[in-house]
Amino acid sequence: MVTLQLAAPSNAFILFNGRDLSNWTARDGGDPGWTVEDGILHVVPRTGDIIHTEPLSDFYLHLEFRCPDMPEATGQAKGNSGVFLQALYEIQVLDSSHVNIPGTGDCGAFYLESAPLVNACRPAMEWQTYDICFRAPRLDESGDVTEHARATVLQNGIVIQNNVQISGPTGSASGMTVGTSGPLRLQDHGDRVAYRNIWAVPLPTKGSDTYEPQ
Ligand code: MG
């Protein structure tokens, strides 16, 4: 088994330091209920989602996750968690390794919005990677969305979302206000999912218009 574990580049913003939950809170701003052990962040079921304190706009995000082995569980009850980009757009985390054709609720989907192109899942209890290139929605001066959020996602090094448009907040975030920036949120869906090595590289929203060689 190969475990793809990328070291954070020097310009990365370290979201999870491997030691504690500095810069993370519960959704109400209180202390997060999840635990850290040996560099691994563990969901503690029914303590609620956790949310990072730092908002991001456009970014490249890397993280690693591991679903528990729940052989008796099925569907949305099988190792469920989720990665909410800008706290609004959930990339599903689920043990979908047994699924032939993954759908809009399966691992790697933008929940109920965009199914993964292929099933790139590893079995339960194996570490998996998400590498995500996210382009925040663009808003005009009155706050109306002029361009929706877009994202490209690689799971375990395989492209599963190819520059997809996300029409709005997904699932439990639906109805929340869209902005140009927002923090990372990780979902407590009642299952003992684990995370590690979470970092992001903030991206400029635009390159320069320079054309002539310098
Ligand atoms: Mg979920």
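Check the entry above for the structure.
In this report, the structure presented in the accompanying data block is examined. (Residues numbered from 1 in each chain as written. Predicted model: local features only at pLDDT ≥ 70, side-chain atom pairs only at ≥ 80, totals over all residues. Heavy atoms only, no water.)

### Details of the overall build of the chain
Each helix and strand in the chain was counted, giving zero helices and 15 strands. For the chain, whose C-alpha radius of gyration is 17 Å, the value lies close to the compact-globule estimate of 17 Å for 214 residues. For the C-alpha atoms alone, the extent of the chain along its principal axes is close to 60 × 40 × 40 Å. Expressed as a percentage of the 214 residues in the chain, the buried residues total 48%. Put simply, the chain shows about 10,300 Å² of open surface, and 49% of that area lies on carbon and sulfur atoms. Of the charged side chains in the chain, 13 are positive and 25 negative; the average position of the first set lies 3 Å away from that of the second. (Helix = DSSP H or I, 4+ residues; strand = E, 2+ residues; numbered from the N terminus. Rg over C-alpha atoms; globule rule 2.2 N^0.38 Å. Buried < 20%, exposed > 50% of the residue type's maximum accessible area, 1.4 Å probe, protein only. Areas by Shrake-Rupley, 256 points an atom, 1.4 Å probe, with all protein chains shown as cover. Lys, Arg positive; Asp, Glu negative; His and termini not counted. Charge placed at Lys NZ, Arg CZ, Asp CG, Glu CD.)

### Digging into the pairing of strand S8 (residues 89–93)
When a strand is regular, its side chains alternate between the sheet's two faces. Among the five residues of S8, five are classified as buried, and the element is accordingly described as predominantly covered. Burial of the side chains of S8 extends over both faces: Tyr89, Ile91 and Val93 are buried on one face and Glu90 and Gln92 on the other. Pairing of strand S7 (residues 81–85) with S8 involves five bridges; the strand directions are antiparallel. By the bridge assignment for S8, Phe84 is matched with Glu90. Connecting the antiparallel pair S7 and S8 is a turn made up of three residues, with Gln86 showing a positive phi of about 50°. (Pairing = 2+ DSSP bridges.)

### A word on the sheet that holds S8
The strand order across the open sheet built from five strands is S2-S5-S14-S7-S8, with neighbouring strands paired in antiparallel fashion. Of all the strands in the sheet, just strand S2 (24–26) and S8 have a single pairing partner and so form its edges.

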